[in-house]
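Examination of the molecular architecture
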Amino acid sequence: MANTKKVPVLVTGGAGYIGSHAVLALRDAGWPVAVIDNLTTGFRFAVPEGVPFYEGDIEDGDLLARICEEQGIGAIMHFAGSIIVPESVENPLKYYHNNTVKSRALIDAAVKAGVPHFIFSSTAATYGVPDVSPVGEDTPQRPINPYGWSKLMTEQMLGDTAFAHPLNFCALRYFNVAGADPQGRSGQSTAGATHLIKVAVEAALGKRDHVAVFGTDYDTPDGTGVRDYIHVADLAAAHVLALEALMEQPDRSLIMNCGYGRGFSVMEVLDAVDRVTNRTIDRRMEPRRAGDPASLISDPSRIRSTIPWEPQHADLDGIIAHALQWERKLAEIRGDV
């Protein structure tokens, strides 16, 4: 893989949480990078100095054509989109627009510009409530909310486009992404985030007065939901390796889960946050949320056998420590301290 020519990569949503870490991983590995982000949920400060930045929308075909020409784009990593499941239920058309319609425009721009490689930020939400755990890529995809459907539709578009045009793709289905750049260069900056570890760390630092635990009567060891948490830096590394794999075999497309294959319950996560921060978070028991599976754990055997991905941060306490480090830095950036 070392002899792969490092083409310029366009990262959509590169000012957001996962996208900004992909930018760092690409740059650390020597890839030229450009970013497009409309900054609705992203932050300009998350894009490193020296990275060409275009404030705009992936629906803007003229802008995308100009970026591809100016930067000589040879691959696209697509992170831009909306990700809050309950909001997708309340406002489905927003999600079908942001995640499906806009992805169609981006794929169209890639085809027109002759960009041959496309990596898509997909989700385990496409599985819905799976009948099996751990979940393999061939598990039936039965989304239970518009967010999951909006992502599955984009996977379908990519498959059909790859069949009809000289483009290959990789859809990476994320499980629960958490943590922050170990060097403190980026992290999850969104206000009002709904991710458990982000919420718990905010509570430990006094930014929230409690953490809600949704459902204590699941068929799990302690009654709370079990999830597979993956460090955002390991996830970003997987994207770089996936890009190399696409370039090595341009006739092959890939669909791979991104997780560690190990689950932690809500209570185990909160216990770990208490342990790492040496504080006790106020936990409030709430009813189950509609559509939350009892357990969602990835089977990572495909990604481990397809690309040379060796997670460096598969440690819950370490994930929390990095999230905590970023939360403190974020307070400085925003002048909260």
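Structure: above.
Residues numbered from 1 in each chain as written. Predicted model: local features only at pLDDT ≥ 70, side-chain atom pairs only at ≥ 80, totals over all residues. Heavy atoms only, no water.

A few words on the pattern of salt bridges. The tally for this structure, following the rule as stated, stands at 21 salt bridges. Between K198 and E327 there is a salt bridge, with the nearest N and O atoms lying 3.0 Å from each other. Placement of the pair is K198 in helix α6 (residues 196-204) and E327 in helix α10 (residues 316-334), with a sequence separation of 129 residues. Taken individually, K198 and E327 each receive the classification buried, so the pair is uniform in this respect. With a closest N to O distance of 2.9 Å, R289 and D292 form a salt bridge. The class for D292 is partly exposed, based on a relative accessible area of 25%. (Salt bridge = Lys/Arg side-chain N within 4 Å of Asp/Glu carboxyl O. Helix = DSSP H or I, 4+ residues; strand = E, 2+ residues; numbered from the N terminus. Buried < 20%, exposed > 50% of the residue type's maximum accessible area, 1.4 Å probe, protein only.)

The terminal C-alpha atoms of helix α4 (residues 92-113) lie 31 Å apart, and with 22 residues this matches the ideal 32 Å at 1.5 Å per residue to within 8%. Residue S103 marks the point of greatest curvature in α4, where the axis turns by about 25°. Listed in full, the buried residues belonging to α4 are Y95, N98, N99, T100, K102, S103, A105, L106, I107, A109 and A110. Residues of α4 that are buried in the fold lie against β1 (9-12), α2 (61-71), β4 (75-78), α3 (85-90), β5 (117-123) and α5 (146-164). Looking one or two residues beyond α4, the residue adopting positive phi is G114, at roughly 70°. (Expected span 1.5 Å × (residues − 1). Bend = angle between axes of the 7 residues up to and from the residue. Contact = heavy atoms within 4.5 Å.)

Between α4 and α5, whose axes approach to 8 Å, the crossing angle comes to 15°. Here α4 lies roughly parallel to α5, going by the angle between them. Here α4 and α5 pass one another in a crossing that is right-handed. The segment α4 lies against α5, with P92, Y95, Y96, N99, T100, S103, R104, I107 and V111 engaging P146, Y147, W149, S150, K151, M153, T154, M157, L158 and T161. For the contact of α4 with α5, the class distribution of residues is eleven nonpolar, six polar and two charged. (Axes fitted to C-alpha atoms, helices over the stretch in contact; angles between N-to-C directions. Parallel < 35°, antiparallel > 145°, perpendicular 65-115°, else oblique. Left-handed = near helix turned anticlockwise from the far one by under 90°. Nonpolar A, V, L, I, M, F, W, Y, C, P; charged D, E, K, R; others polar.)

Its 17 residues give helix α7 (residues 232-248) an end-to-end C-alpha distance of 25 Å, which sits within 8% of 24 Å, the value for a rise of 1.5 Å per residue. Counted residue by residue, α7 has 15 buried out of 17 residues, so it is predominantly covered.

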